[in-house]
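Chain residues, written in single-letter form:
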Amino acid sequence: MQATPVTPKQRKGAIISALALAAMAIGIYLVVMLKFFVYK
Amino acid sequence: MSTVTHAHDHSGHGHSEAHDHHGPPAGFTRWLYTTNHKDIGTMYLWFACFMFFLGGTMALGIRAELFKPGLQFFDPEFFNSLTTVHGLVMVFGAIMPAFVGFANWLVPLHVGAADMAFPRMNNWSFWLLIPAALLLIGSFFVPGGAAASGWTLYPPLVIQQGMAVDMTILAIHILGASSIMGSINIITTILNMRAPGMTLMKMPLFVWTWLITAYLLIAVMPVLAGAVTMLLTDRHFGTSFFNAAGGGDPTMFLHIFWFFGHPEVYIMILPAFGIISQILPAFARKPLFGYASMVYATASIAILSFIVWGHHMFTVGMPAAGNLFFMYATMLIAVPTGVKVFNWISTMWKGEMTFETPMLFAVGFLCLFTIGGFSGLVLAIVPVDITLHNTYYVVAHFHYVLVSGALFAIIGGVYFWLPKWSGKMYNEGLGKLHFWLSMIGFNVLFFPQHFLGLAGMPRRIPDYALQFAEWNMWSSIGGFVFGFSQLIFLYNVISTIRSGKPAEQKQWEGADSLEWTHLPTPMPYHTFETAPVVR
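Each chain carries its own residue numbering, running from 1 in the written order of its sequence. Key to labels: chains lettered from A, ligands numbered from 1, both in the order written. Local features in this predicted model are restricted to residues of pLDDT 70 or higher, and side-chain atom pairs are both shown and tallied only at a pLDDT of 80 or more, whereas totals for entire chains, interfaces and linings draw on every residue.

Asks: Sorry, what's going on with the overall build of chain A here?
Replies: Helix and strand assignments follow DSSP, with helices taken as H or I runs no shorter than four residues and strands as E runs no shorter than two, numbered in order from the N terminus. The secondary structure content of chain A amounts to 2 helices and 0 strands. Burial is judged by counting the other C-beta atoms within 10 Å of a residue's own C-beta: 20 or more makes it buried, 12 or fewer makes it exposed, and any count in between marks it as partly exposed, with every C-beta position built from the backbone. Counting every position in chain A, which comprises 40 residues, the buried fraction comes to 15%.

Asks: Could you clarify how one ought to interpret the interface of chain A and chain B in this entry?
Replies: Many authors give the size of an interface as the accessible area that is lost as the parts come together. C-beta atoms are first placed from the backbone for all residues, and any pair lying within 7 Å is then listed as a contact. The partner chain B presents 28 residues to the 20 residues of chain A that form the contact. Within the residue set of the side of chain A that touches chain B, elements represented by two or more residues are helix H1 (8-32) and helix H2 (34-37) of chain A. Per-element tally for the side of chain A that touches chain B: the top contributor is H1(A), with 12 residues. Ten residues, namely Ala, Val, Leu, Ile, Met, Phe, Trp, Tyr, Cys and Pro, are considered nonpolar, four, namely Asp, Glu, Lys and Arg, are considered charged, and the remaining ones, Gly among them, are considered polar. The residue inventory of the side of chain A that touches chain B, partitioned by class, reads 14 nonpolar, 5 polar and 1 charged.

Asks: Help me understand helix H9 (residues 205-236) of chain B in this model?
Replies: Owing to its 3.6 residues per turn, the α-helix aligns residues three or four sequence positions apart on the same side. What a helix should span is 1.5 Å times the count of its residues minus one. With 32 residues, H9(B) ought to run about 46 Å at 1.5 Å a step, and its terminal C-alpha atoms sit 46 Å apart, in line with that. At B:Ile218, H9(B) is deflected by roughly 25 degrees, the largest bend along its length, and proline B:Pro222 occurs up to four residues later in sequence. At every residue, the bend is computed as the angle between two fitted axes, covering the seven residues ending there and the seven beginning there respectively.

Asks: What exactly am I supposed to notice about the packing of helix H3 (residues 37-65) of chain B against helix H18 (residues 469-499) of chain B here?
Replies: Helix packing geometry: the angle between the two helix axes and the distance between the axes. Residues and elements named next belong to chain B. Here an axis means a line fitted to C-alpha atoms, over the contact stretch when the element is a helix, while the angle between two N-to-C directions is reported on a 0 to 180 degree scale. Packing of H3 against H18 brings their axes to within 9 Å, and their N-to-C directions diverge by 160 degrees. The angle between H3 and H18 places the two elements in the roughly antiparallel class. As H3 packs across H18, the resulting crossing turns out to be left-handed. Between H3 and H18, the contacting residues are Gly 56, Ala 59, Leu 60, Arg 63 and Ala 64 on the first element and Ser 475, Ser 476, Gly 479, Phe 480, Gly 483 and Gln 486 on the second. Looking at side-chain class alone, the contact of H3 with H18 contains 4 nonpolar, 6 polar and 1 charged residues. Should an angle fall under 35 degrees it is called roughly parallel, over 145 degrees roughly antiparallel, and 65 to 115 degrees roughly perpendicular, with every other angle called oblique. Two helices that cross are described as forming a left-handed crossing if the nearer one is turned anticlockwise from the farther one by less than a right angle, and a right-handed crossing if clockwise.

Asks: Even after reading the chapter, I still don't get the environment of B:Val100, so can you show me in this structure?
Replies: All names here are of chain B. Topologically, Val 100 is positioned in helix H4 (residues 76-111). For Val 100, a count of 31 C-beta atoms within 10 Å gives the class buried. Spatially, the C-alpha atom of Val 100 lies 8.8 Å from that of Ser 183, the residues being 83 residues apart in sequence. The residues touching Val 100, leaving out its near neighbours within four places in the chain, are Tyr 44 and Gly 182.

Asks: What's the story with the nonpolar core in this structure? I'm lost.
Replies: Generally speaking, soluble globular proteins have nonpolar side chains that are buried together. All names here are of chain B. Only buried Ala, Val, Leu, Ile, Met, Phe, Trp, Tyr and Cys residues enter a nonpolar core, and they are joined through C-beta atoms within 7 Å. Ile 95, Ala 227 and Ile 276 are the most contacted members of the largest nonpolar core, which totals 179 residues. Among the elements that line this core, the one with the most residues is helix H10 (residues 250-284), at 22 residues. Not counting chain neighbours up to four residues away, the residues in contact with Ala 227 comprise Phe 253, Ile 256, Phe 257 and Phe 260.

Asks: Where do I start with the packing of H10(B) against helix H14 (residues 357-380) of chain B in this structure?
Replies: Residues and elements named next belong to chain B. For the pair H10 and H14, interaxial distance at closest approach is 9 Å and the crossing angle is 120 degrees. Classified by the interaxial angle, the pair formed by H10 and H14 is oblique. The two elements H10 and H14 meet at a crossing, and its hand is left-handed. Across the interface between the two elements, Ile 276, Ile 279, Leu 280 and Phe 283 from H10 touch Pro 358, Met 359, Ala 362 and Phe 365 from H14. Looking at the contact of H10 with H14 residue by residue, the classes come out as 8 nonpolar, no polar and no charged.

Asks: Is there a simple way to think about unusual backbone geometry in this case?
Replies: Trans peptide bonds make up the majority, and among non-glycine residues the majority have a negative phi. All names here are of chain B. Omega for the peptide link from Pro 155 to Pro 156 comes to 10 degrees, which places this bond in the cis form. Examined against the element boundaries, Pro 156 turns out to sit in the loop between helix H6 (129-138) and helix H7 (157-160). Omega for the bond connecting Thr 521 with Pro 522 falls within 30 degrees of zero, at -5 degrees, which places this linkage in the cis form. If you trace the backbone, Pro 522 turns up in the loop between helix H19 (514-518) and strand E4 (533-534). The backbone of Lys 350 shows a phi angle near 60 degrees, a positive value even though the residue is not glycine. C-beta crowding within 10 Å serves as the criterion here: with 9 such atoms nearby, Lys 350 is assigned to the exposed category. Of note in this structure, Arg 460 is not a glycine but carries a positive phi near 60 degrees. Accessibility expressed as a C-beta count within 10 Å gives 16 for Arg 460, which makes it partly exposed.

Dropping the structure here:
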């Protein structure tokens, strides 16, 4: 694999963005599933 | 967009000679292990192409069955499976992966990045598609046959069917994970990897449309995942979320599904807007008219898409106030969409236009997508929709949006960028033949379905009353013309890659994004290792 020329600032920004977006996706899934957790 | 640009090195390929030996490895491992955005984009596009022909074959089966009244080839259960899997394959297997293929090829090139932000995750996103596709296709061969509830998977029917539904649910989960990872990659690339000087408002509109689409995907794919997870627990773990017999509410599934489903429509059309916004200025030889308003209109459409889901379910018995809200909210979408259509026409106005194949598909998109938009406005009117709900009018409407909208944009985009991607020029005569046969075949296929719907023919039935026979016959003839004309496209693409004439660096005079202005044709395997500076 070719190492891509990414600056440390870009890498840090990309990782923070990705974690925030992943948290958003998981959070939305959990909100939808909230009905499952309170199911009786 | 204004991108007067200068690169540190003229080719945009820093240390080009030193890196020429970093070409792709040979054989299957190149594709299995690749982290190169161009390779992954190519794989997405070929995957979408395969699924398009697979879903198209199912569509031809449907049209063959409907050629005349009576049961011809299939039993009704199998017919319902065909309509269901045709929809799922085309939405999740063809249109969406095709646009992700474009994003992989073009987003890094358009923003001046060397690759996507997370190349390994990019590889994984693609390869997840294969097991999902195998599950979907394989569901035809399990006891009970494939899911037959329509692509919307409505309960209670879907709760009562066989294991094919479980395979479909698993496939949707996998496809959702793939889409979310792909979207994270696209957003992080656009926000973090842009070349110096490439501000957000200088990005090509294709990048903007994908940025907004990726946010939509991350917002709604988990909603679909939640809905199908609850379907799964209803089927196997004794819950009754959607099962009325156990105290559940099937209508709740409709609300959750369409909260995903309507933004999904825009997920399939916003990138098409982006492609058209690249093609039209190139062949009008003018900058895109109203760039900023195009960006704001795209964002407005995306935001509005979250508050209109109820227009898919006017007949379920919502309160009148609810129906009115969804009706007016839906009509509101015509405003930003109208801005876009106005800007595209203004872009062409007094332009020095030529009509090569990509431009033909773009103009075809503009005419036919607008018809689909207008029939959407008709369906937004509650009393009209109550009459036309689940008729062929709806089928005609969404095929005008998704075939002459999304698919025409994809085909036009392939013709537009194929010279850059492959380094070879396609056969223009075959391209124009392909366009005109598609245009005629498509309209003969779907325009009569408006009449059938207005006359009351319900969708998703293998047989029909005699008064619908003539328009169904024409629709089927159009379907076969449209379907077989796509083989010309396939032949044209393959023969171009194998033996096309060399293309020029800037094949289209009016094209102004970085891949045309800064990169040689054919492009090197690695591009923008030294970022260009955009002024």
